[in-house]
Amino acid sequence: MAAARRMSSLLSRSLSSSSSSSSAALLFKGRIPGVGRLVSSYSTTAAAIENPSTPSVKVNYSQLLINGNFVDSASGKTFPTYDPRTGDVIAHVAEADAEDIDRAVSAARKAFDEGPWPKMTAYERSRVLFRFADLLDQHTEELATLETWDNGKPYEQAAKVELPMISRIIRYYAGWADKIHGLTVPADGSHHVQTLHEPIGVAGQIIPWNFPLLMFAWKIGPALACGNTVVLKTAEQTPLSALYASKLLHEAGLPPGVLNVVAGFGPIAGAALASHMEVDKLAFTGSTQTGKVVLELASKSNLKPVTLELGGKSPFIVCKDADVDKAVELAHFALFFNQGQCCCAGSRTYVHESIYDEFIEKAKARALKRSVGDPFKAGIEQGPQIDSKQFEKILRYIRSGVESGATLETGGERIGSKGYYIQPTVFSNVKEDMLIAKDEIFGPVQTILKFNDIDEVIRRANTTSYGLAAGVFTQDLDTANTLSRALKVGTVWINCFDVFDAAIPFGGYKMSGQGREKGIHCLSNYLQVKAVVTPLKNPAWL
């Protein structure tokens, strides 16, 4: 627990528009008219961006994992997964289609109905998960390297922050496995009533590309601890680390068919999984738009229950009593962490008018100091965006901000000629009706808005379809209490941000999703409650 808290503390400290043909050409090259002259300097390693280092591991697992074996797709098709530092192909990965989903679900169904996993004692299941966590720790270098290579996040972040969190979440749910139980319920009349908490069956799980291994652990940990079997679809952008980790889980003693991992595209493999009649429960993390499709497919098939962890546009509120230097640093982390590719990023920075100008100047200065470069290099804070599609989307939003009248304080261009690097970007004088203030950009773009009083900022912060998280920076307890209760979000961080302890539930209000990940609350997603009622003859007591 202490180690996990240290990791959470470290994390909290280090924490789709048209344009003219000429503008489109500029965007494709990563340039926006009139932006370059704003930049005085950036902490970049240009040589490292143009000449990235060679990763120290090989890709050993690129097939589908079905029934305990790595196999080719039924069609024989593969698709490339790319290095976001260069755009070059890392490996070709087996591409799952509906037939492969059928194979994986059949294996999971047989493992649940006939296999040993749900029939094991809960203690035996916990021992498998504990051994898996130990193997994760032993293979940190390989897993972190694959994560950085496939995703672009800094290696130091993957190895020192995320991998310890991943093994911690597995140990957390391993500890829960033999503590899941029902109740004896007093009833009116002569009846013995008990409730049973039973595994729900075959769980379909779809994870995103921004935190591939962390989302893998958030999903499989509670599902397996409860005795379910799983078919998990990785994001097509980042399949490699989950395949490697799944091999380790089988080395830990997981029976064949209990965990099946497929890589493929959402409209084909994802849709087949979401609509499959033999899948008993579905969990999805990704965009709100795709979440709606997943929910519809689930409802039109067998009405399987669905948990959704979706998008966000989280407010980060800096009150007038704030220590400006500390607030700037935390707000910077809240937005720019993981290249801004974080569903709960503090992407609407509200600053009290009395300290607004000072905050802007210091936020700009901090962005200019941010180290951007090859994520395998020591000291790098920001790597490339995930792919060309996301890269170009972010640049379109930056152009929109300029055209809508926001002040571009710094940034706005690509860095280098290789890969998908974008300058840390800061906008001031942002208004709520601007796209950069309304939409989830999912990139290194900080939008800073001004407010006058607490009632006003509550109203404005809640005027959004999202409700995933919020940050509050204040020294006043009454202000903190007022805001934490008034903000319509699933998590409020007070004078911290992105603290993700295994026991803390995470999920959103409104269109940021339904259900919760992590903590005790997540267990109910993977359990059915059954009432058993038996008559009592001449009971000694009721």
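Residues numbered from 1 in each chain as written. Predicted model: local features only at pLDDT ≥ 70, side-chain atom pairs only at ≥ 80, totals over all residues. Heavy atoms only, no water.

A word on the packing of aromatic side chains. Taken as a whole and assessed by the stated rule, the structure comprises 15 aromatic pairs. Between Trp-218 and Phe-500, the ring centres sit 5.9 Å apart and the planes meet at 55°, which makes this aromatic pair tilted. Taken together, the residues span a long stretch of sequence, with Trp-218 in helix α8 (residues 212–225) and Phe-500 in the loop between β20 (491–494) and β21 (513–514) at a distance of 282 residues. Relative accessible area serves as the criterion here: at 4%, Trp-218 is assigned to the buried category. Summarising the aromatic geometry, the rings of Phe-500 and Phe-506 are spaced 5.3 Å apart at their centres and angled 75° between planes, so their arrangement reads as edge-to-face. Residue classification places Phe-500 among the buried positions, given a relative accessible area of 12%. Here a set of aromatic residues connected by ring pairs shows up, and it is made of Trp-218, Phe-316, Trp-493, Phe-497, Phe-500 and Phe-506. Over the aromatic face of Tyr-526 sits the side chain of Lys-281, whose NZ or CZ is 5.5 Å from the ring centroid. (Phe/Tyr/Trp six-rings, centres within 6.5 Å; stacked < 30°, edge-to-face > 60°. Helix = DSSP H or I, 4+ residues; strand = E, 2+ residues; numbered from the N terminus. Buried < 20%, exposed > 50% of the residue type's maximum accessible area, 1.4 Å probe, protein only. Lys NZ or Arg CZ within 6 Å of the ring centre and 35° of its normal.)

Turning next to the side chain of Thr-234. Within the fold, Thr-234 resides in strand β9 (residues 229–234). Setting aside its immediate chain neighbours within four residues, Thr-234 contacts Ile-207, Pro-239, Ala-242, Val-261, Val-262, Ala-263 and Gly-264. (Contact = heavy atoms within 4.5 Å.)

Now for the packing of helix α5 (residues 122–138) against α8. The description of two helices packed together rests on the angle between their axes and the distance between the axes. Look at α5 against α8: their axes get within 10 Å of each other, and the N-to-C directions meet at 160°. Comparing the axis directions of α5 and α8 gives the class roughly antiparallel. Between α5, through Arg-125, Leu-129 and Phe-132, and α8, the contact on the second element is made entirely by Phe-216, Ile-220, Gly-221, Leu-224 and Ala-225. Tallied by class, the residues present in the contact of α5 with α8 amount to 6 nonpolar, 1 polar and 1 charged. (Axes fitted to C-alpha atoms, helices over the stretch in contact; angles between N-to-C directions. Parallel < 35°, antiparallel > 145°, perpendicular 65-115°, else oblique. Nonpolar A, V, L, I, M, F, W, Y, C, P; charged D, E, K, R; others polar.)

Turning our attention to the sheet that holds strand β13 (residues 315–318). The strand order across the open sheet formed by 7 strands is β16-β17-β18-β14-β13-β19-β20, and the pairing between neighbours is mixed. Edge strands, defined here as strands with exactly one partner in the open sheet, are β16 (407–410) and β20. Each adjacent strand pair in this sheet contributes to an overall mean axis angle of 25°, direction not counted. Strands in contact with helix α12 (residues 324–336) are β13, β14 (348–352), β17 (425–428), β18 (445–451) and β19 (469–473); relative to β18, the strand with the most contacts, it is inclined by about 135°. (Pairing = 2+ DSSP bridges.)

Attention now moves to the state of the cysteines. According to the stated counting rule, one finds 0 disulfides in the structure shown. No disulfide involves Cys-319; its sulfur sits 14 Å from the nearest other cysteine sulfur, which is in Cys-496. For Cys-496, which is in no disulfide, the shortest distance to another cysteine sulfur is to Cys-344 and amounts to 12 Å. (Disulfide = S-S within 2.5 Å.)

Sheet architecture is open: 3 strands sit in the order β6-β7-β22, paired in antiparallel fashion. A single partner strand is all that each edge strand has here, and the edge strands are β6 (184–185) and β22 (527–535). Here strand β7 (residues 191–199) pairs with β22 via 9 bridges, running antiparallel. Bridge pairing in β22 links Pro-199 to Leu-527.

So, about the environment of Phe-79. Looking at the element boundaries, Phe-79 is found in strand β4 (residues 78–82). Judged by its relative accessible area of 3%, Phe-79 is buried. For Phe-79 and Val-89, which are 10 residues apart along the polypeptide, the C-alpha to C-alpha distance reads 9.8 Å. Residues contacting Phe-79, with those up to four places away along its chain left out, are Ala-91, His-92, Val-93, Ala-94, Glu-95, Glu-236, Ala-263, Gly-264 and Phe-265.

Here helix α7 (residues 155–176) crosses α8 at 5°, and the two axes come no closer than 8 Å. Comparing the axis directions of α7 and α8 gives the class roughly parallel. Along its contact with α7, which presents Glu-162, Leu-163, Met-165, Ile-166, Ile-169, Ile-170 and Tyr-173, the element α8 presents Leu-213, Leu-214, Ala-217, Trp-218, Ile-220, Gly-221, Pro-222 and Ala-225. Looking at the contact of α7 with α8 residue by residue, the class counts come to 13 nonpolar, 1 polar and 1 charged.

Okay, helix α6 (residues 140–151) next. Residues spaced three or four apart along an α-helix point in a common direction, a consequence of the helix completing one turn every 3.6 residues. Between the first and last C-alpha of α6 there are 16 Å, a value that for 12 residues agrees with the 16 Å anticipated at 1.5 Å per step. Of all 12 residues in α6, 9 are buried; the element is thus mostly enclosed. Turning to α6, its buried residues number three or more, namely Leu-143, Ala-144, Thr-145, Leu-146, Glu-147, Thr-148, Trp-149, Asp-150 and Asn-151. Of the surrounding elements, those touching the buried residues of α6 are β4, β5 (89–94), α5, α7, α8 and α9 (240–251). (Expected span 1.5 Å × (residues − 1).)

Before going further, it helps to spend a moment on the pairing of β20. Covered by surrounding structure in β20 are Thr-491 and Trp-493 only, the residues Val-492 and Ile-494 on the alternate face being uncovered. Two elements, β19 and β20, share 4 bridges in a ladder whose sense is parallel. Residue pairing across strands places Ala-470 opposite Val-492, the latter belonging to β20. Taken together, β19, helix α17 (residues 477–486) and β20 form a β-α-β motif whose crossover is right-handed. (Right-handed = clockwise from strand over helix to strand, strands pointing away.)

This part covers unusual backbone geometry. If you check the backbone angles, Asn-338 has positive phi at about 60° while not being a glycine. Locating Asn-338 in the fold gives a position in the loop between α12 and β14. Phi at Lys-518 takes a positive value of approximately 70°, unusual for a residue other than glycine.

With 14 residues, α8 ought to run about 20 Å at 1.5 Å a step, and its terminal C-alpha atoms sit 20 Å apart, in line with that. Most of α8 is tucked away, with 14 of its 14 residues classed as buried. Within two residues after α8, Gly-227 carries a phi angle of roughly 95°, on the positive side.

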